[in-house]
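The primary structure of each chain is shown beneath.
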Amino acid sequence: MSTEDLPAPRSLAEALRARDDASLAALLRRRPDLITPVPTDLTQLATRAGTRASVVRALERLDRFALQTAEALAVAGDPATYDELLGLMAGDTADEAVVHALPGAVAALREQALVWGADDRLRLVRTARELLAPSPQHPSPTGLGPSVQEATAGMSPGRIQEIVSTAGLPSTHDSVSAVAALTALFTDRRKMRALLAKAPADSLEVLDRLVWGPPYGQVTADPAARLRWLLDRGLLLPTAPGTVVLPREVALHLRAGRAHRTPEPVPPPVEPAATHRPQVVDATAAGQAYTALATVEELLKDWDEGGPAVLRAGGLSVRDLKRTAVALDVSEPAAAFWVELAYAAGLLASDGEADERYAATPAYDEWRERPAAERWARLAEAWLAATRTSGLVGGRDGKDRTLSALGPGLDRSAAPEVRHRVLTLLAALPEGGAPDAEAVLGRLRWERPLRGPQGTQGEDDLRSRLARWTLTEAELLGVTGRGALSAHGRALLGAPTAHRPAPSGAPDAPEGPAGAGDKLPVHHRPAAAPAPLSPPEQAVATAAAARLLAPLLPEPLDHVLLQADLTAVAPGPLRRPLADVLGVLADVESKGGATVYRFTPASVRRSLDAGRTASDLHAFLAEHSRTPVPQPLTYLIDDVARRHGHLRVGAASAYVRCDDDALLNEILADKRAAALRLRRLAPTVLAAQTDPATLLDGLRAMGYAPAAESAEGDVLIARAHAHRTPPRTAPEPVPDGPPVPDATLLAAAIRAIRAGDLASTTPRKPTDTAPLAPGELPRTSSAETLATMQAAVLTGESLWIGYVNAEGSASQRVIAPVRVEGGFVTAYDHTADEVRTYPLHRITGVAELADD
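Quick summary incoming for the structure in this document. Every chain begins its residue count from 1, and numbering advances along the sequence as written. Predicted model: local features are reported for residues with pLDDT of at least 70 only, side-chain atom pairs are reported and counted for 80 or more only, and whole-chain, interface and lining totals are derived from all residues. Here the side-chain values reflect all heavy atoms present in the structure, with hydrogen atoms and water set aside.

### With respect to the packing of aromatic side chains
Put simply, two rings from Phe, Tyr or Trp (the six-membered ring, in Trp's case) pair if the centres are within 6.5 Å, and we call them stacked under 30 degrees between planes, edge-to-face over 60, tilted for the rest. Tallied over the full model, the rule gives four aromatic pairs. Both rings, one in Tyr803 and one in Tyr838, keep their centres 4.8 Å apart while their planes meet at 70°; by these two values the pair is edge-to-face. Placement of Tyr803 in strand S21 (residues 799-804) and of Tyr838 in strand S24 (residues 834-839) is noted, with a sequence separation of 35 residues between them. Partly exposed describes any residue whose relative accessible area lies between the buried limit of under 20% and the exposed limit of over 50%, with all areas from a 1.4 Å probe on protein chains only and scaled to the type maximum. By relative accessible area, which is 10% here, Tyr803 ends up buried. By the criteria applied, helices consist of DSSP H or I runs no shorter than four residues and strands consist of E runs no shorter than two, each listed in order from the N terminus.

As structure tokens, then:
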């Protein structure tokens, strides 16, 4: 039977029943909330597809042209013909772009079960019509007002007849025919032109102000002549005292039939604003990737012995974020990004102690030992999937509380989707192409224009902010370079690393409507955005990105260049043992392509405190310097080492001892020692009324090099003790609604829905009892159930049963009994497409199926 021979569907359920499995799978993939849980049959699926929450979610995921098409259907007749819809979208001039794109938009609405019916009877689902149709409380995005019939619903019959007469129409016997005659006048182009040709110029100015909306205006109790002329002919209709409205039919005539001022059938293009050589882009991105690794390491090294305290409400305090920004030499928003990135990658967490603080996790130590490219890939993968949004830090939540880094309230479920979409748009450009940010934002607004129940949207809406943050963060992380997507960034998305230009033209779509019933023909539509990769696919893509990045990162060096001004220059990244030792022995003076370290008495003393001797330091520098060790540096180390430990500080409250009593006399005479409140206990011992740590710091500030000692008199080695949290897992992203089902789940769900629909719609033989309501289970006695089952075993016939499982869930099934014994029936279950055994006492009743 051809599609033309199929009867027109009378409901959405019937329209869904006419679809094939591929079409149902497309629906459930686009609207995964419909199978959470799996509906029992197609009637329940249709009911769920018409609920307000599900329809709102579906409308929010329409592109601008598909949404404009739905808005046009909401102001059209119910049902509407395709030609009527085409007139509303393309207008009297039949815009070619709209004519070309409209079949695809209708097909997209059909696919998502927002529109059903053949092209001669298109119906928008009732909930979508309620959401999109014009009303005084929720104006339509089209700017249209109510129809003549709706606007005159409360008007007196006499007043309606007066309007009809003044408009030049013959009077009628009732209000219904009068309203119909007025509607016919307003929808007749020729008669409307003739009527408006007689209108005063200032009356036409009033219509011009209302034509594109809002369609409502205010009038006084005694309207001016220009308004009276319009009111007398129904071109303006009163809706409330002092308020008038431009009827929809009049507005459409003035608009040349268009429902929208500017239909947007084609997405705005995203084109390169600048083009760089791909090698330059990759090198720039790789340099930034190396900087990203160094920044994260510096952050966690700074928190190695225990980071900032956790606020009572969770997160970092504003003061600690500022300190972190100063330590990393970045802005506070950038510091928040790096902190959140380390947290998302599982490298940072709270330690869970009574005095809770942030610290590195054990995973950080494992991460540091990985090759640089693999470390970057882990950060990039975590960023791509994270729902925590550092750009919100410093803003306010719904309760007017400040949002803090690492605190609650930063999850935005749309963030991964927006990041993926922004990078996908960059990947669609030729290699080295960097787009303008506004072009990217314009494309995203076209793809998702509806931001709320009434379609409210502003320049600063969440998706636009997420897109701006994505462009900034991708550059910081080294996914992009100079605004263009790098080769390893493409690999991270699973996109080909070599650009293949798209064909210059897309295949032409049919000129007019195609298909019948609710079959879904393929029409020209903008290419759908590729879905984010599954976890296994993402793991493969991440590994590929690491392989591409690895050759671009500088190799770690095992040497530095010592200079006579007590500095060392590292011309590139250093190997970890060298970097760790040099980080204690010297202070970092400047960063960049080359890192400059400066040796100071304090830094040398710090290294001696960590247990190294002067000979160890001389040997270390001689081994790792490509230049001779400068004499000033040798003198500095020897001088600090000679004085290091000459003074000994221990715990009484605190004491200082020294074999040189002249040195102790010098300290006592120094005015700077007054705060330490020292007094002599013996020629070689001074006592202090401060703790040992304060005493050590005070003497060091005075220029001495004291060493701490234990109760046994041994020198204490002041090595840093790394503080780690217990094992922690990275935070789970907050999903944006139900996940998109995979092919296996879709196949199982469709099979279950089809089987349940078969059980609920299979014809039954008539019985003496009253007919069952739809969905009601059959009811028979135990004896009748048993006798019918045994007879069906002999005849091989199928039966319709009601069944209640152990959890109390009721369902309808179609079975073919094979064996009945021991209180159980073994049967082939058409619903499940397998052989099952059912306890007879759980079967509510049984009925025979009709012969046909």
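### Comments concerning a negative patch on the surface
Patch members must show over 30% relative accessible area and no salt bridge, and they are joined within 9 Å when carrying like charges or within 5 Å when they are nonpolar side chains of Val, Leu, Ile, Met, Phe, Trp or Tyr. In short, Shrake-Rupley with a 1.4 Å probe defines the accessible areas, and a residue's cover is counted only from the protein chains shown. Counted as salt bridges are all cases of a side-chain nitrogen of Lys or Arg within 4 Å of a carboxyl oxygen of Asp or Glu. Charge counting treats Lys and Arg as positive and Asp and Glu as negative, with His and both chain ends excluded. Where a charge lies is defined by one atom per residue type, namely NZ (Lys), CZ (Arg), CG (Asp) and CD (Glu). A cluster of like negative charges, contributed by Asp659, Asp660, Asp661 and Glu666, occupies part of the molecular surface. Along the chain, Asp659 falls in the loop between strand S17 (654-657) and helix H30 (661-669).

### Quick notes on the pattern of salt bridges
According to the stated counting rule, one finds 33 salt bridges in the structure shown. By sharing partners, the salt bridges in this structure join Arg159, Glu162, Arg228 and Asp232 into a single network.

### A word on helix H3 (residues 42-49)
Three- or four-residue spacings in an α-helix give side chains the same orientation, since the helix completes a turn every 3.6 residues. Within the span of H3, buried status applies to Leu42, Leu45, Ala46, Arg48 and Ala49. An end-on view of H3 places all buried positions within 165° of arc, on one side of the element. Two or three places before Thr43, at the opening of H3, Asp41 has a side-chain oxygen 3.2 Å from that residue's backbone nitrogen. The directions from the helix axis to the C-beta atoms are what the arc is built from. What qualifies as a polar contact is a pair of N or O atoms within 3.5 Å, subject to a donor-acceptor requirement within protein and to the restriction that residues adjacent in sequence count only when both atoms come from side chains.

### Quick word on the nonpolar core
To define a nonpolar core, start from buried Ala, Val, Leu, Ile, Met, Phe, Trp, Tyr and Cys residues and group those joined through side-chain atoms within 4.5 Å. Of all hydrophobic cores here, the largest spans 93 residues; its most connected members are Phe186, Leu235 and Leu236. In terms of residue count, helix H5 (residues 64-75) provides more of this core than any other element does, eight residues in total. Contacts are residue-level and defined by heavy atoms, with any inter-residue pair within 4.5 Å sufficient. Not counting residues up to four positions away in its chain, the partners in contact with Leu236 are Val206, Leu207, Leu210, Leu227, Leu230, Leu231, Val244, Val245, Leu246 and Pro247. Membership of the second largest hydrophobic core comes to 54 residues, among which are Ala286, Ala360, Ala474 and Leu492.

### Here's the deal with the sheet that holds strand S22 (residues 810-821)
Between any two strands, pairing holds if DSSP finds at least two bridges. Taking strand neighbours across the sheet as the criterion, the five strands line up as S24-S23-S22-S21-S25 in an open arrangement whose pairing is antiparallel. The open sheet has two free edges, formed respectively by S24 and strand S25 (843-848), since each of these has just one partner strand. Averaged over all adjacent pairs, the angle separating strand axes in this sheet is 45°, with direction ignored. Summarising the sheet, S21 and S22 pair through six bridges and their orientation is antiparallel. Across the sheet, the residue bridging to Trp800 is Val814, located in S22. Orientation is described by lines fitted to C-alpha atoms, with helices fitted over the stretch in contact, and by angles between N-to-C directions that extend from 0 to 180 degrees.

### A word on the environment of Glu353
Within the secondary structure layout, Glu353 lies in the loop between strand S7 (348-350) and strand S8 (358-360). A residue is classified by how much of its surface remains accessible, and Glu353, at 48% relative accessible area, is partly exposed. Separated by 373 residues in the primary sequence, Glu353 and Pro726 place their C-alpha atoms 9.9 Å from one another.

### Thoughts on unusual backbone geometry
Going from Thr36 to Pro37, the amide bond is cis rather than trans, its omega being 0°. Looking at the element boundaries, Pro37 is found in the loop between helix H2 (21-30) and H3. The omega angle of the peptide bond from Asp78 to Pro79 is 0°, so this bond is cis rather than trans. The phi dihedral of Ala113 is positive, around 60°, even though this residue is not glycine. With respect to the helices and strands, the residue Ala113 is situated in the loop between helix H7 (96-111) and strand S1 (115-116). Positive phi outside glycine occurs at Asp400, with the angle close to 65°. Residue position: Asp400 is located in the loop between helix H20 (372-385) and helix H21 (415-427). Note on Asp400: relative accessible area 54%, which makes it exposed.

### Focus: the environment of Gly433
Structurally, Gly433 is set in strand S9 (residues 433-435). For the pair Gly433 and Arg482, spaced 49 residues apart in sequence, the C-alpha to C-alpha distance is 9.2 Å. Every residue in contact with Gly433, bar those within four places of it in the chain, is listed here: Pro272, Ala274, Thr275, Gly483 and Ala484.

Read these as geometric descriptors, not functional statements.
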